[in-house]
Amino acid sequence: EPQDKYDDIYFDSDDETDGKESKKEKQKFKTNDELLYDPNMDDEDQQWMDDLRRTYQSPGSSSGMKNKKKDGLKPLPNSDAVLNCPACFVVVCLDCQRHDIYKTQYRAMFVMNCSVVTDEVMKVPVKTKSKKNKNKNKVVTHPADEFHPVRCDQCKTEIAMYDKDEIYHFFNVVASHT
């Protein structure tokens with residue numbers, strides 16, 4: 001038979017009731033609605049996140065996801081972290097790869113809540129072996145190493161760079177490692 005009250009051991013205390021509710025009323029099991037708890041919420045949230053990630057993994061997969069059998073879906077690749085803006089904490093990336101050497105840097109192809117500033121170009125200086133002192137102050141850049149800054153849509157903080165291969169290089173983010 002299902003119990004509708006907690007065991008007395010859960011309420012074993014020297015405290016007296018304040019008269020508002022009896023000891024038996026305190027011990028009555030509360031429903032999930034009364035506890036503001038949904039036992040299926042984690043599974044539903046995970047399914048929503050997986051569906052969102054699948055929309056950019058394979059073209060046209062966003063429609064009819066609920067009608068497909070779970071067995072027919074390819075497993076999603078593992079992400080190294082979920083990336084957030086360091087100023088406002090809005091999520092900017094769900095799937096990324098961590099840099100092998102610089103552990104606080106990530107690269108990704110699919111982002112959200114951020115925009116590329118296409119009218120600004122950043123160039124990486126190239127070290128030159130100049131024997132003449134007159135060229136010492138001259139900065140040489142490689143034409144293939146041009147980047148565009150990426151800013152958070154919410155607070156405009158610069159969080160990444162966007163390269164010619166359409167890869168986002170995140171360096172100023174808060175990472176939640178998965």
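Up top is the structure these notes are about.
Residues numbered from 1 in each chain as written. Predicted model: local features only at pLDDT ≥ 70, side-chain atom pairs only at ≥ 80, totals over all residues. Heavy atoms only, no water.

A.B. asks: Quick question: what am I supposed to make of unusual backbone geometry here?
C.D. replies: Of all residues except glycine, most have a negative phi; of all peptide bonds, most are trans. Its identity is not glycine, yet Asn113 carries a phi of approximately 60°, on the positive side. As for its position among the elements, Asn113 is in the loop between strand E4 (106-108) and strand E5 (114-116). Positive phi, close to 65°, is recorded for Glu166, a residue that is not glycine. (Helix = DSSP H or I, 4+ residues; strand = E, 2+ residues; numbered from the N terminus.)

A.B. asks: I tried to follow the sheet that holds strand E1 (residues 81-84) on my own but got confused; where do I start?
C.D. replies: Strand pairing within a sheet occurs via backbone hydrogen bonds; the two strands may be parallel or antiparallel. With respect to topology, three strands assemble into an open sheet ordered E2-E1-E10, the strand pairing being antiparallel. Single-partner strands in this sheet number two, and they are strand E2 (91-93) and strand E10 (174-177). Direction aside, the axes of adjacent strands within the sheet are offset by 40° on average. With four bridges joining them, E1 and E10 adopt antiparallel strand pairing. Bridge pairing in E10 links Asn84 to Val174. (Pairing = 2+ DSSP bridges. Axes fitted to C-alpha atoms, helices over the stretch in contact; angles between N-to-C directions.)

A.B. asks: Can you walk me through the nonpolar core in this structure?
C.D. replies: Judged by nonpolar contacts, the single largest core of 18 residues is most densely connected at Leu83, Val92, Ile159 and Phe170. When residues of this core are traced back to their parent elements, those giving at least two are E1, E2, E4, strand E7 (140-152), strand E8 (158-162) and strand E9 (168-170). Looking at which element gives the most residues to this core, the answer is E8, with three residues. In this structure, Ile159 is in contact with Cys85, Pro86, Val92, Cys114, Val150, Arg151, Cys152, His169, Phe170, Phe171, Asn172 and Val173, ignoring residues within four places of it in sequence. (Core = buried A, V, L, I, M, F, W, Y, C linked by side-chain atoms within 4.5 Å. Buried < 20%, exposed > 50% of the residue type's maximum accessible area, 1.4 Å probe, protein only. Contact = heavy atoms within 4.5 Å.)

A.B. asks: How should I be thinking about the packing of aromatic side chains in this particular structure?
C.D. replies: Each pair of aromatic rings is reported with the distance of its centres and the angle of its planes. Inspection of every chain in the model, using the stated rule, returns two aromatic pairs. Both rings, one in Tyr168 and one in Phe170, keep their centres 6.3 Å apart while their planes meet at 20°; by these two values the pair is stacked. The exposure classification of Tyr168 matches that of Phe170, with both residues buried. One aromatic cluster in this structure is built from Tyr162, Tyr168 and Phe170. (Phe/Tyr/Trp six-rings, centres within 6.5 Å; stacked < 30°, edge-to-face > 60°.)

A.B. asks: What's the story with the environment of Met109 in this structure? I'm lost.
C.D. replies: Checked against the element boundaries, Met109 lands in the loop between E4 and E5. Among the residues examined, Met109 registers a relative accessible area of 52% and is labelled exposed. The spacing of Met109 and Cys96 is 13 residues in sequence and 7.7 Å in space, taken between C-alpha atoms. Those residues in contact with Met109 that lie beyond four places of it in its chain are Glu166, Ile167 and Tyr168.

A.B. asks: Looking at this model, I keep getting lost on helix H2 (residues 41-55). Mind explaining?
C.D. replies: For an α-helix, 3.6 residues make a turn, and residues three or four places apart therefore share a direction. Counted at 1.5 Å a residue, the expected span for H2 with its 15 residues is 21 Å, and the 21 Å between its end C-alpha atoms agrees. Those residues of H2 that fall on the buried side of the exposure criterion are Asp50, Asp51, Arg53 and Arg54. All buried residues of H2 lie within an arc of 165° about the axis, which places them on one face of the element. (Expected span 1.5 Å × (residues − 1). Arc of directions from axis to C-beta.)

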